[in-house]
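Spelled out from the first residue to the last, the chains are:
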Amino acid sequence: MEERLFQTARDIHGLYPHVHIWGGPIAIYLFLGGLAAGILLFATLYYLKGKENEMPFTVKIAPIFTFWIVILGLLLLVYDLHHPLYVLELFTSFRIESPMSWGAWTLAVVSVLSLIWPLSYIDDIEAYLHERGWQKLDWATRMVKTWEHKWIIPRFVIMNFRKYRKPIAYLLLFLSIILGIYTGILLSAFNAHPLWNNSILGPLFLTSGVSTGSAFVMWLSNNKKERKLMSTIDMALIAIELFFIIHMIMGMQAGPEAYKQAAHLFLGGEFTVIFWVIFVGFGLILPFILEGLELGGKHIPPALPAILVLIGGLLFRIIMVAAGQMSEYPF
Amino acid sequence: MRYAMAIEVNKCVGCGDCVVACQTENNVPMGYSRDWIIEIARGEYPNLFMHFESQRCNHCDDTPCVRTCPTGASHVIEGGIVKVTHDECIGCGACIEACPYDARYFHPDGYVDKCTFCDHRVADGLDPACVSVCPTNCMHFGDLDDPDSEISKLLNSREHYTLLPEAGTAPQIYYLK
């Protein structure tokens, strides 16, 4: 028997009985980062494959959302800071060893590029809005066009963006992968939390993020071919995600005591039901089956598996952020 | 220069003087503390054993807190002392998550605060506040790179352990058995 007690009081919020300083905002931030990465990955990938007219929603329309998604994520990040007035310190230094530092820089670059990407497609976006009967949104495209005609800076930026779209697409493709991986590496850099501290978390968060991206496109696109392709890709991604999850837990089970205890949170511990039944069951396996049935010809509203994947992705991050902080070295 | 601390656990009576001295010396806000005492009881009645550990930042050689800091606010100064520059800290909490010893916390003013080994006293050739007030003299502070320092001699001659060496941080608070 060994018992450890505090002899002197330490009444500090967020440290006991285990560190719990990161909550909902960080989980949502990681989810939004992954979602933006997924949307951008498909947009740039299919642009580079020369399918911008075949898959208009993926390449031209979906990236409209990424800017707002990234900005919302950054706002949540700033909201979660305890010393927010000093936030610009993030951008006056670059520290290669700190995932949060290069993540913040990646987000900044991605937010700028993902703002200009859809602006450079403004004619196609207008045509698309008309095609779907959303003329009411014309004011937005008209506003952008007016700016472009009136002012030299937006005209110059957008013109050059169109001209160099290919190298920019390569850069953005690379950055979207970095962004997706970053959301996982941010957590896996903390060896004080054995649950986070495994190298598969980066690829797992990337896969999950890209899966939410494909679900987003599948949900909002009106193009049957696009939907079908995204549905197939999402099924593959879900399969990879399941493989990574099992791999992660196997790795922890084969590790030292602190890692076994981390795995126990999901294997009989307090996150067992929410992780396996709600996240894996309703967020991965059920949408996988629904997508499979849809591809097999059954009529299933595409919003259903898409929303399940999106909620599952968010839930996965909430679980990982909460459970990770509970997993600590015993001392 | 490598500052470190050695604490004789069997001489410690758990009085809490080190905690109070630190709070006074460093203006630590109410309810907060940069160091704290843990009472560890082992065994089965009637064969019970107990000792105290005065714990604080371990001023590790391999610092996960400094590594994960996105702005460089967390840094290591001469002598291996880990410090936080308040005006560069954004209060993201990465270092708090990175520390396996729970040595860091959010100061009510927002920035992250922690033990500084009383570097302002050490610079004047004094011991840290906690060491200087210890009524049983169970704490020793000094330079590990100097083979003639009291702490070097103690660590050479006595059995000792550190907290969570398995976390890979190379902690520099030594507990003498």
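Described below are features of the structure shown in this document. In this text, all values refer to a predicted model and were calculated from it rather than measured experimentally. (Residues numbered from 1 in each chain as written. Chains lettered and ligands numbered in written order. Predicted model: local features only at pLDDT ≥ 70, side-chain atom pairs only at ≥ 80, totals over all residues. Heavy atoms only, no water.)

## Here we look at the overall build of chain B
Then, in step 1: Each helix and strand in chain B was counted, giving 6 helices and 10 strands.
Then, in step 2: Taking 2.2 N^0.38 as the reference for a compact globule, 177 residues should give roughly 16 Å; the C-alpha atoms of chain B span a radius of gyration of 16 Å, in line with that estimate.
Then, in step 3: Oriented by its inertia axes, the alpha-carbon framework of chain B measures out at about 50 × 40 × 35 Å.
Then, in step 4: In chain B, buried positions account for 63% of the 177 residues.
Then, in step 5: Residue pairs at least 24 apart in sequence account for 55% of intrachain contacts in chain B once pairs closer than 6 positions are excluded.
Then, in step 6: Counting only carbon and sulfur atoms, one obtains 50% of the accessible surface of chain B, whose full area is about 7000 Å².
Then, in step 7: Averaging the coordinates of the 13 positive side-chain charges in chain B and doing the same for the 26 negative ones gives two points 3 Å apart. (Helix = DSSP H or I, 4+ residues; strand = E, 2+ residues; numbered from the N terminus. Rg over C-alpha atoms; globule rule 2.2 N^0.38 Å. Buried < 20%, exposed > 50% of the residue type's maximum accessible area, 1.4 Å probe, protein only. Contact = heavy atoms within 4.5 Å. Areas by Shrake-Rupley, 256 points an atom, 1.4 Å probe, with all protein chains shown as cover. Lys, Arg positive; Asp, Glu negative; His and termini not counted. Charge placed at Lys NZ, Arg CZ, Asp CG, Glu CD.)

## Comments concerning the overall build of chain A
Then, in step 1: When helices and strands are counted, chain A shows 12 helices and 1 strand.
Then, in step 2: Secondary structure elements of chain A occur, N-terminal to C-terminal, as β-α-α-α-α-α-α-α-α-α-α-α-α.
Then, in step 3: For a compact globule of 331 residues, the expected C-alpha radius of gyration is about 20 Å, and chain A comes in at 22 Å, within 12% of that figure.
Then, in step 4: Its C-alpha atoms give chain A principal-axis dimensions of roughly 75 × 55 × 30 Å.
Then, in step 5: Counting over 331 residues, chain A shows a buried share of 54%.
Then, in step 6: Of the contacts made within chain A by residues no fewer than 6 positions apart, 74% connect residues no fewer than 24 positions apart.
Then, in step 7: Accessible surface for chain A amounts to roughly 15000 Å². Of this, 70% is attributable to carbon and sulfur atoms.
Then, in step 8: Here chain A holds 23 positive side-chain charges and 22 negative ones, and the gap between their average locations is 11 Å.

## Section: the nonpolar core
Nonpolar side chains tend toward joint burial in soluble globular proteins.
Then, in step 1: Core analysis: the biggest nonpolar cluster contains 151 residues, and A:Trp22 and A:Phe266 have the highest contact counts within it.
Then, in step 2: Here this core takes 16 residues from helix H1 (residues 24-48) of chain A, the largest share from any one element.
Then, in step 3: Apart from residues no more than four positions distant in its own chain, A:Phe266 is found in contact with A:Leu195, A:Met248, A:Ile249, A:Phe271, A:Thr272, A:Phe275, A:Trp276, A:Ile319, A:Met320 and A:Ala323.
Then, in step 4: If you look at the next biggest cluster of nonpolar residues, it comprises 7 residues, including B:Ala4, B:Ala6, B:Ile151 and B:Tyr174. (Core = buried A, V, L, I, M, F, W, Y, C linked by side-chain atoms within 4.5 Å.)

## With respect to the sheet that holds strand E8 (residues 139-143) of chain B
All names here are of chain B.
Then, in step 1: Across the sheet, which stays open at both edges, the 4 strands sit in the order E8-E1-E10-E9 with mixed pairing between neighbours. Every other strand in the sheet has two partners, leaving E8 and strand E9 (160-161) as the edge strands with one partner each.
Then, in step 2: Examined bridge by bridge, strand E1 (residues 3-8) and E8 share 5 bridges and lie antiparallel to one another. Bridging from a neighbouring strand, Ile7 pairs with Met139 of E8. (Pairing = 2+ DSSP bridges.)

## Some points on the side chain of A:Thr183
Residue and element names in this part refer to chain A.
Then, in step 1: In this structure, Thr183 sits in helix H7 (residues 165-188).
Then, in step 2: With a relative accessible area of 1%, Thr183 lands in the buried category.
Then, in step 3: Residues in contact with Thr183, not counting those within four places in the same chain, are Leu30, Gly33, Gly34 and Phe205.

## As for the packing of helix H2 (residues 56-80) of chain A against helix H3 (residues 99-119) of chain A
Residue and element names in this part refer to chain A.
Then, in step 1: The geometry of H2 relative to H3 is characterised by a closest axis approach of 8 Å and an angle of 145° between their N-to-C directions. As H2 runs across H3, the sense of the crossing is left-handed. In this structure, H2 uses Val59, Lys60, Pro63, Ile64, Thr66, Phe67, Val70, Ile71 and Leu74 to contact H3, whose residues at the interface are Leu107, Val110, Ser111, Ser114, Leu115, Trp117 and Pro118.
Then, in step 2: The class makeup of the residues in the contact of H2 with H3 is 12 nonpolar, 3 polar and 1 charged. (Axes fitted to C-alpha atoms, helices over the stretch in contact; angles between N-to-C directions. Left-handed = near helix turned anticlockwise from the far one by under 90°. Nonpolar A, V, L, I, M, F, W, Y, C, P; charged D, E, K, R; others polar.)

## Some details on the packing of aromatic side chains
Residue and element names in this part refer to chain B.
Then, in step 1: The final tally for this structure, using the stated rule, is 24 aromatic pairs over all chains.
Then, in step 2: Look at Tyr32 and Tyr105: their rings are 5.2 Å apart centre to centre, the planes differ by 55°, and that puts the pair in the tilted class. You can see Tyr32 sitting in the loop between helix H1 (17-26) and strand E2 (36-44) and its partner Tyr105 sitting in strand E6 (residues 105-106), a full 73 residues away along the chain. One exposure class covers both Tyr32 and Tyr105, and it is buried. (Phe/Tyr/Trp six-rings, centres within 6.5 Å; stacked < 30°, edge-to-face > 60°.)

## Some points on a nonpolar patch on the surface
Residue and element names in this part refer to chain A.
Then, in step 1: Taken together, the side chains of Trp134, Leu137, Trp139, Met143, Trp147 and Trp151 make up a nonpolar region of the molecular surface, amounting to roughly 660 Å² of accessible area.
Then, in step 2: Along the chain, the position of Trp151 falls in the loop between helix H5 (138-150) and helix H6 (152-163).
Then, in step 3: Given the relative accessible area of 48%, Trp151 is considered partly exposed. (Patch = residues over 30% accessible without salt bridge, like charges linked within 9 Å, V, L, I, M, F, W, Y side chains within 5 Å. Salt bridge = Lys/Arg side-chain N within 4 Å of Asp/Glu carboxyl O.)

## What about unusual backbone geometry?
Then, in step 1: In the segment running from A:Tyr16 into A:Pro17, the intervening peptide bond is cis, with an omega of 0°.
Then, in step 2: Among the structural elements, A:Pro17 can be located in the loop between strand E1 (2-6) and H1.
Then, in step 3: Of the consecutive residues B:Tyr45 and B:Pro46, the connecting peptide bond is found in the cis state with omega at 5°.
Then, in step 4: Relative to the helices and strands, B:Pro46 is located in the loop between E2 and strand E3 (47-55).
Then, in step 5: You will see that B:Asn27, though not glycine, has its phi angle at about 55°, which is positive.
Then, in step 6: Along the chain, B:Asn27 falls in the loop between H1 and E2.
Then, in step 7: By relative accessible area, which is 66% here, B:Asn27 ends up exposed.

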